Amino acid sequence: MQKIIIFFFLCVLDTNAESGCELFGRFEMPSLFKEGRIMIGGIFPVFNKEIATTSSFVREPGKVICAGLDLRVFRWTQVMIFAVEEINKNSTILPNISLGYRILNSCASPTNTLRAALTLAESGSTQSLAVAGTLGPFRVSYFSTCACLSDREKYPSFFRTIPSDYFQAKALAALIRHFGWQWIGAIQSDNDYGRNGVLAFTEEVKKFGVCVAFVGTVLRTYSMDKILDVVEMIKQSTVKVILAFVPEGDLYPLMKEVVKQNITGIQWIASEAWITAARPSTPEMYRAFGGALGFVVQKVEIPNLKPFLTSISPYKDPNAAFVGDFWEVMVGCRPNLPGTQTVTVKTKKFCTGNETLENFQDVFFDVTHLRVSYNVYNAVYAVAHALHHLLFCKKPGEKAEKLCFNISEIQPKQVRSRGENTLHLFVFGSSSGAADCTPCTKEFWPNERKDECIPKAKEFLSYHEPMGIAITVVSLLGATLSLAIIMVFVRYGGTPVVKASNSELSCFLLFSLFLCFLCPLTFISRPTVWTCMLRHTAFGVTFALCISCVLGKTIVVVTAFKATFPGNMVAGKFGPTQQRIIVFSCTLVQIVICILWLNLNPPFPDMVFRYSNNKIVLECNPGSEAAFYTVLGYIGILAFICLILAFLARKLPDNFNEAKCITFSMLVFCAVWITFIPVYISSPGKFTVAVETFAILSSALGLLISIFAPKCYIILLKPEKNTKKHVMGGKKP
């Protein structure tokens, strides 16, 4: 069976290609390996220190000794293995096709990356550049942030699952601006990552008038003299804020020297490459670097990863690279494997073979704050989905039925072509075919696979949801009750109770309450231009009419009381004509306010995005907040005047004292609307509309029940009390 080898970060090697070079030998490098129909290769800086090298320009290949196992990077290798095994168990991605892997160590060195395999591209930006232009075919990186790699002409087949430094540089510059720092220093690594990062950063901060006092350069292979020169530069400068755009391994020698010389009082700004790294986060480093600020990669939890990590054992595969070193660091003893002759000086002992990682509490096993590890996980899945798309001619997520492409005929350019619409989706983007993400517009939201922008859910108060149904029922019930009471007043218009309550104003009031109860229906359903203009203005005018009628009734009661004094002619001067003028003029003021509102800055349908990232709230923007609160304020003034007048007339001697009913109704009305304002302001989304409709219905019901319930009770249930004698305060039953 023919195998296709695809290297992770990621390329296909054509072993039949002619070359003008003579093969002197092969590099024998330890690796983590599993056979598969399609092989994915990965290179990670598992060891971060290059101890010794010999020249490679001889007939014998050069030998590199790497030391210093990086537990974080070793976890990246295990995440890659975990993802491959998870994909192999998933029957929907690559059914009947097994993925294999070969994982090599780069020692965080560009030259060692080339030694590892000329067909691989590495994770760090500089190491990727070392092979990206030469090898070309196809690669996905989980940690290469250099903005230079976004050049599609130079690196058309380079993809990544981490954002470009272009965005990080802008964010760091914004951070500097936020704190008002004007005089800063910068440290860069002597490679493309550092140089391009600092260049982009300085271009951004100069726009804000920030001066960069110095730019120091470091590299992990620099002599101590060069490191000391940078330390001296820091000591001689007056800056108190320094940006370090440097990978962890390149910065560490400088950090040790800064701590050694007790250089403190500096606010360090970190790039993503070292802000969450383990070595700079020790108590020793905290004295100088505690409080460093920087932006980090999004943290995510990978389900079922922890049991996989705790099951790591050197005894499963004695030939697996790096696992023995990991075991020695984690468990504290050297695994007793075939071929092991002596223990190392560091450990001094062999393991018994009974050790286990099941109950270890090391941060290595904390899978709740994964950052770069999640990028590795995404990268593997990106490759798998690209292969799915190529081999089954189906988009990711669609069920694969049968192969539409022969695996043995896969070419790098084909994987790249099919992958361009798939791989970049794992950096939070849309299917535009670009290597970096294309943000969805604010009306859209990426789907779960991040392969397309889908419309956000639109939220508004509808007739089909329980809240909308409840509001509709109460509105119709209130409107029906208002009409029913009008019919009662018409039917019993000649009775003392109806006459005493001023039947004309009462009918006006009932009609206005009928309209008030119908107002909430304009607040339900999707907002439109007309409903937005109608709902606020109709509410304002109908309630102004309602309170104007109550005000007219209150004035009638007060003047009637004053008319009981000898020689007082006030009641005669406040007849039906004057009552109509009061109602009309008070309502007219509100109508003028609403007309001005609609002409100058009317309400309009609006989409609100601030409540949630994945939904849009459709609501009516009042247009003019001042006009909205003027309408409310005017209604409040009328209600307050009614309350004061009714309170003054509350001790009339009549059995049937309407002033008491009006006083109580106004207290209810004012309490509802005073409560409404803070609740309205603090309610999110469609609940704002619900609060407003609740206030309308509550106040309308309060007026209807407080003023008309006692009258209807006497008219319908106690007709024996519906007499002039009883109403005027005669003999009580």
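Residues numbered from 1 in each chain as written. Predicted model: local features only at pLDDT ≥ 70, side-chain atom pairs only at ≥ 80, totals over all residues. Heavy atoms only, no water.

The name given to the chain in an unreviewed UniProt entry is Extracellular calcium-sensing receptor-like, with Gouania willdenowi as the source organism.

Caption draft 1: The arrangement of the overall build of the chain in detail. Within the chain one finds 22 helices and 18 strands. Residue burial in the chain is summarised as follows: out of 733 residues, 50% are buried. Only carbon and sulfur atoms are counted for the fraction: they give 60% of the accessible area of the chain, which is about 35,000 Å². (Helix = DSSP H or I, 4+ residues; strand = E, 2+ residues; numbered from the N terminus. Buried < 20%, exposed > 50% of the residue type's maximum accessible area, 1.4 Å probe, protein only. Areas by Shrake-Rupley, 256 points an atom, 1.4 Å probe, with all protein chains shown as cover.)

Caption draft 2: Layout of helix H21 (residues 686–717). The sharpest bend along H21 comes to roughly 45°, located at Phe708, with the proline Pro710 sitting one to four residues further on. Most of H21 is tucked away: 23 of the 32 residues are buried. (Bend = angle between axes of the 7 residues up to and from the residue.)

Caption draft 3: Fine view of the packing of aromatic side chains. If you walk through the whole model with that rule in mind, you get 24 aromatic pairs. A centroid spacing of 6.2 Å and a plane angle of 25° characterise the contact between Phe74 and Phe364, whose relative ring orientation is stacked. Of the two residues, Phe74 is situated in helix H1 (residues 71–89) and Phe364 in the loop between helix H10 (323–331) and helix H11 (372–392); the sequence distance between them amounts to 290 residues. Residue Phe74 is classed as buried on the basis of its relative accessible area of 0%. Aromatic side chains Phe179 and Trp181 sit 4.8 Å apart centroid to centroid with 20° between the ring planes, which places their arrangement in the stacked category. (Phe/Tyr/Trp six-rings, centres within 6.5 Å; stacked < 30°, edge-to-face > 60°.)

Caption draft 4: Representation of the state of the cysteines in the model. Using the criterion set out here, one finds 2 disulfides in the structure. Put simply, Cys333 and Cys351 are joined by a disulfide, and their sulfur atoms are 1.9 Å apart. Measuring the twist about the S-S bond at about 105°, one finds the Cys333-Cys351 disulfide to be right-handed. With Cys333 in the loop between H10 and H11 and Cys351 in the loop between H10 and H11, this residue pair connects regions lying 18 residues apart in the sequence. Overall, the relative accessible area of 3% leaves Cys333 in the buried class. Here Cys532 is linked by a disulfide to Cys620, with a sulfur-sulfur distance of 1.9 Å. Its torsion about the S-S bond being -80°, the disulfide of Cys532 and Cys620 is classed as left-handed. Residue Cys532 is found in helix H16 (residues 529–562), and its partner Cys620 is found in strand S18 (residues 615–621); the two are separated by 88 residues along the sequence. (Disulfide = S-S within 2.5 Å.)

Caption draft 5: Region of interest: empty space enclosed by the protein. Summed over all chains, the structure comprises 1 cavity of 30 Å³ or more. Roughly 30 Å³ of volume is contained in the largest cavity. Lining the largest cavity are Phe460, Leu461, Phe523, Ser525, Pro527, Arg535, Leu618, Glu619 and Val689. Across the lining of the largest cavity, the residue classes tally to 6 nonpolar, 1 polar and 2 charged. (1 Å grid on protein atoms, 1.4 Å probe; cavity = no way out; pocket = protein on both sides within 12 Å on 5 of 7 lines; lining within 4 Å. Points joined across faces, edges and corners; volume = space filled by probe spheres on them. Nonpolar A, V, L, I, M, F, W, Y, C, P; charged D, E, K, R; others polar.)

Caption draft 6: Geometry of the sheet that holds strand S11 (residues 241–245). On the basis of which strands lie adjacent, the open sheet formed by 5 strands has the order S10-S9-S11-S12-S13 and parallel pairing. At either margin of the open sheet sits one strand with a lone partner, and together these are strand S10 (211–218) and strand S13 (293–294). For strand S12 (residues 267–270) and S13, the ladder comprises 2 bridges, and the chain directions are parallel. Residue pairing for S13: Ile269 is matched across the bridge by Leu293. The strands touched by helix H5 (residues 192–206) within the sheet are strand S9 (183–189), S10 and S11, with S9 carrying the most contacts at an inclination of about 160°. Contacting S9, S10, S11 and S12, helix H6 (residues 224–236) runs over the sheet at an angle of about 160° to S10. (Pairing = 2+ DSSP bridges. Contact = heavy atoms within 4.5 Å. Axes fitted to C-alpha atoms, helices over the stretch in contact; angles between N-to-C directions.)

Caption draft 7: Structural context of the pairing of S9. S9 sits mainly inside the fold: 6 of its 7 residues count as buried. Relative to S10, S9 runs parallel, the two sharing 6 bridges. In the sheet register, Ile187 faces S10, and the bridge partner there is Gly216. This β-α-β element, S9 to H5 to S10, shows right-handed connectivity. (Right-handed = clockwise from strand over helix to strand, strands pointing away.)

Caption draft 8: Quick look at the UniProt feature "transmembrane region" (unreviewed entry) in the chain. When the UniProt feature table is mapped onto this chain numbering, "transmembrane region" (unreviewed entry) sits at residues 467–493, 505–525, 537–561, 581–600, 626–649, 661–681 and 693–716. Within the segment residues 505–525, helix and strand shares are 67% and 0% respectively, and the terminal C-alpha atoms sit 34 Å apart. Secondary structure across residues 661–681 comprises 100% helix and 0% strand; the distance between its end C-alpha atoms is 31 Å. (UniProt positions renumbered as here; feature names shortened; annotations may be inferred.)

Caption draft 9: Examining the sheet that holds S18 more closely. Across the sheet, which stays open at both edges, the 3 strands sit in the order S16-S18-S17 with mixed pairing between neighbours. Each edge of the open sheet carries a strand with a single partner, namely strand S16 (457–459) and strand S17 (604–608). On average, each strand axis in the sheet is inclined to that of its neighbour by 30°, with strand direction left out of account. Here S17 pairs with S18 via 5 bridges, running antiparallel. Note on S18: the bridge partner recorded for Met607 is Leu618.

Caption draft 10: Inspection of the nonpolar core at higher detail. The biggest cluster of nonpolar side chains holds 67 residues, and the ones touching the most others in it are Leu513, Ile547, Met666, Phe669, Trp673 and Phe708. At 13 residues, the largest contribution of residues to this core is made by H21. Each residue touching Met666, except ones within four places of it in the same chain, is listed here: Ile547, Val550, Ala639, Cys642, Leu643 and Leu703. Formed by 54 residues, the second largest nonpolar core is a distinct cluster that contains Phe47, Ile93, Val376 and Val383. (Core = buried A, V, L, I, M, F, W, Y, C linked by side-chain atoms within 4.5 Å.)

Caption draft 11: Quick look at the pattern of salt bridges. If you walk through the whole model with that rule in mind, you get 8 salt bridges. For the salt bridge of Asp190 with Arg195, the shortest nitrogen-to-oxygen distance reads 2.6 Å. On the basis of relative accessibility, which here comes to 35%, the residue Arg195 falls in the partly exposed class. For the salt bridge of Glu328 with Arg334, the shortest nitrogen-to-oxygen distance reads 2.7 Å. (Salt bridge = Lys/Arg side-chain N within 4 Å of Asp/Glu carboxyl O.)

Caption draft 12: Examining the layout of surface pockets more closely. In this structure, the second largest pocket encloses a volume near 980 Å³. Around the second largest pocket, the lining comprises 35 residues; the ones closest to its centre are Asn48, Asp70, Glu248, Ala278 and Arg279. Every element with two or more residues in the lining of the second largest pocket is listed here: strand S4 (47–53), strand S5 (64–69), H1, H6, helix H7 (248–260) and H11. Per element, the largest residue contribution to the lining of the second largest pocket is 6 residues, and it comes from H7. For the lining of the second largest pocket, the class distribution of residues is 14 nonpolar, 8 polar and 13 charged.

Caption draft 13: Broad picture of the side chain of Glu248. Structurally, Glu248 is set in helix H7. Excluding residues that lie within four positions of it along the chain, Glu248 makes contacts with Asp70, Arg72, Ala273, Trp274, Ala277, Ala278, Arg279 and Pro280.

Caption draft 14: Representation of the packing of helix H19 (residues 625–648) against helix H20 (residues 658–682) in the model. Across the interface, H19 lies against H20 with an axial gap of 9 Å and an inter-helix angle of 150°. By the criterion of interaxial angle, the relationship of H19 to H20 is roughly antiparallel. Handedness of the H19/H20 crossing: left-handed. Along its contact with H19, which presents Phe628, Tyr629, Leu632, Ile635, Ala639, Cys642, Leu643, Ala646 and Phe647, the element H20 presents Ala659, Ile662, Thr663, Met666, Leu667, Phe669, Cys670, Trp673, Phe676, Tyr680 and Ile681. (Parallel < 35°, antiparallel > 145°, perpendicular 65-115°, else oblique. Left-handed = near helix turned anticlockwise from the far one by under 90°.)

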